[in-house]
Amino acid sequence: MRYIRPLSIEDAVGLLAGSSGTSAILAGGSDLLVRMKGGFVEPDLIVDIKAIAGLSEIRETPDGFSIGATVPCAVLGESSVLKKAWPGVVEAAKLIGSKQVQGRCTIVGNLCNASPAADSVPALVAAGAKAVVAGPSGKRTIAVEAVPIAPGKTSLAKGEIIEAILLDSQAPRSGDAYLRFIPRTEMDIAVVSAGVNLTLDEHGVITAARVALGAAAPTVLLVEEAAEALIGRKLDEAALERLAKVCAGACRPIDDKRGTIEFRRKVAGVLARRAATTAYARAGGK
């Protein structure tokens, strides 16, 4: 096994692209090291990207925010500006693991681990976040929801690295929220989760919406019909009932020891209602 700590994104891309065996990227390591210890993976090459300049920074840009690939979730929770703009995204990131894990884990790692139950991903999808991908052919920017394609698998090609997550500035009278259901009070993975992002006009009518569900299908679901159920109206009981029904119907979950298909569908609707109510209040709705 080789361990290399490059100082530039170009060197990291070159190492990964030129590797003939199994390679892995080390950012926080909270997923990779656990999988290695459990014997699920044994990389021939580990590329540690923590020393690459700029990847450990949260930058406020003219368009919003750029969150580097190695920024720990604990640091996201300490950013007052980011919390004010995107409280739902920060809430989701702060649910990943224990306090100790928070000092290491990253939202990019959470995304690239490609778990259907990842906490940060539904919140990022609801926020309309994008991923900046560096690779042998240069850089490209894609929607976050385009990264996971199946449990444990991503759309990234050989040699490609996500170097940052981009969040737009929140539009006026906008709010987001994320909620999950877990059997225990802490340190568990979501049985179902929901992220909602809403924008209102001056009368409290919803003009834009994004609704995402986690642990409800092989990858996170962006439920466009749920957004359509909200746009053009205030968040009254009829809108909430329609939202819950659409979200329950959109689910494609599995039966396992943590929850049945019927249970997950029911809870998806309940969480979507609650997350929408919180997002609406944060946007200034009454």
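Quick caveat: nothing in here was measured; it's all calculated off a predicted structure.

Engineer: Got a sec to walk through the sheet that holds strand S7 (residues 138-143)? Specific residues and values, please.
Structural biologist: Within the open sheet, the five strands sit side by side as S4-S5-S10-S6-S7. Their pairing is antiparallel. With partners counted over all chains shown, the strands left at the sheet margins are strand S4 (58-61) and S7, one partner each. When the angles between neighbouring strand axes are averaged without regard to direction, this sheet yields 25°. Across the sheet, helix H1 (residues 9-18) lies against strand S6 (130-135) and strand S10 (161-168), angled at about 130° from S10, the strand it touches most.

Engineer: I'd like a rundown of the layout of surface pockets, residues and numbers included.
Structural biologist: The computed volume of the largest pocket comes to approximately 1,300 Å³. Among the elements of the structure, strand S2 (23-26), helix H2 (32-37), helix H7 (107-112) and S10 are those that each provide at least two residues to the lining of the largest pocket. Broken down by class, the residue content of the lining of the largest pocket amounts to 24 nonpolar, 16 polar and seven charged.

Engineer: Residue-level account of the pairing of S6, with values.
Structural biologist: Across the six residues of S6, five count as buried, placing the element largely inside the fold. One ladder, built from six bridges, connects S6 with S7; its direction is antiparallel. Residue pairing in the sheet places lysine 130 in a bridge with alanine 143 of S7. A loop of two residues connects S6 with S7, the two strands running antiparallel in sequence.

Engineer: Give a description of the side chain of aspartate 176 that names residues and reports values.
Structural biologist: Its location among the elements puts aspartate 176 in strand S11 (residues 174-181). The buried charged residue aspartate 176 lacks any salt bridge, with arginine 282 as its nearest oppositely charged partner at 4.8 Å. Residue contacts for aspartate 176: discarding those within four places in its chain leaves Trp86, Pro87, Gly88, Val89, Gln170, Val196, Asn197, Ala279 and Arg282.

Engineer: I'd like a description of the pattern of salt bridges, backed by residues and values.
Structural biologist: Summed over all chains, the structure comprises 12 salt bridges. Among the salt bridges present, the one from arginine 282 reaches glutamate 91, with a minimum N-O distance of 2.3 Å. Of the two residues, arginine 282 sits in helix H11 (residues 261-282) while glutamate 91 sits in helix H5 (residues 87-93), which places them 191 residues apart along the sequence. You can call arginine 282 partly exposed: its relative accessible area is 35%. A salt bridge links glutamate 163 to lysine 139; its shortest N-O distance comes to 2.9 Å. One end of the pair, glutamate 163, is in strand S10; the other, lysine 139, is in strand S7, with 24 residues separating them in the sequence. Note on glutamate 163: relative accessible area 13%, which makes it buried. One salt-bridge network, in which partners are shared between bridges, spans Arg5, Asp48 and Lys50.

Engineer: Break down empty space enclosed by the protein for me, with residues and values.
Structural biologist: Tallied over the entire structure, the rule returns one cavity of 30 Å³ or more. Around the largest cavity, the lining residues are Leu111, Ala114, Ser115, Pro116, Ala118, Val121, Pro122, Pro148, Gly214, Pro218, Thr219 and Val220.

Engineer: Now, about the packing of aromatic side chains: what can you tell me, with residues and values included?
Structural biologist: A complete count under the given rule lists one aromatic pair for this structure. Relative to phenylalanine 263, the ring of phenylalanine 181 has its centre 5.5 Å away and its plane inclined at 70°; by these criteria the two rings are edge-to-face. Of the two residues, phenylalanine 181 sits in strand S11 while phenylalanine 263 sits in helix H11, which places them 82 residues apart along the sequence. Classification of phenylalanine 263 as partly exposed rests on a relative accessible area of 34%.

Engineer: Tell me about the nonpolar core, residues and numbers included.
Structural biologist: Counting residues in hydrophobic clusters, the biggest one holds 46 residues, and the most contacted among them are Ile165 and Leu167. If sequence neighbours within four positions are ignored, leucine 167 has contacts with Asp63, Gly64, Phe65, Ile67, Leu82, Trp86, Val89, Leu124, Ala127 and Ala129.

Engineer: Give me the lowdown on the sheet that holds strand S1 (residues 2-4), citing residues and values where you can.
Structural biologist: The parallel open sheet is built from three strands, whose spatial order is S1-S3-S2. Single-partner strands in this sheet number two, and they are S1 and S2. Shown here is a sheet whose adjacent strand axes are inclined to one another by a mean of 20°, direction ignored. Strand direction decides the pairing type here: S1 and strand S3 (residues 45-48), joined by three bridges, are parallel. Bridging across to S3, isoleucine 4 finds its partner in valine 47.

Parameters and conventions
Residues numbered from 1 in each chain as written. Predicted model: local features only at pLDDT ≥ 70, side-chain atom pairs only at ≥ 80, totals over all residues. Heavy atoms only, no water. Pairing = 2+ DSSP bridges. Helix = DSSP H or I, 4+ residues; strand = E, 2+ residues; numbered from the N terminus. Axes fitted to C-alpha atoms, helices over the stretch in contact; angles between N-to-C directions. Contact = heavy atoms within 4.5 Å. 1 Å grid on protein atoms, 1.4 Å probe; cavity = no way out; pocket = protein on both sides within 12 Å on 5 of 7 lines; lining within 4 Å. Points joined across faces, edges and corners; volume = space filled by probe spheres on them. Nonpolar A, V, L, I, M, F, W, Y, C, P; charged D, E, K, R; others polar. Buried < 20%, exposed > 50% of the residue type's maximum accessible area, 1.4 Å probe, protein only. Lys, Arg positive; Asp, Glu negative; His and termini not counted. Salt bridge = Lys/Arg side-chain N within 4 Å of Asp/Glu carboxyl O. Phe/Tyr/Trp six-rings, centres within 6.5 Å; stacked < 30°, edge-to-face > 60°. Core = buried A, V, L, I, M, F, W, Y, C linked by side-chain atoms within 4.5 Å.

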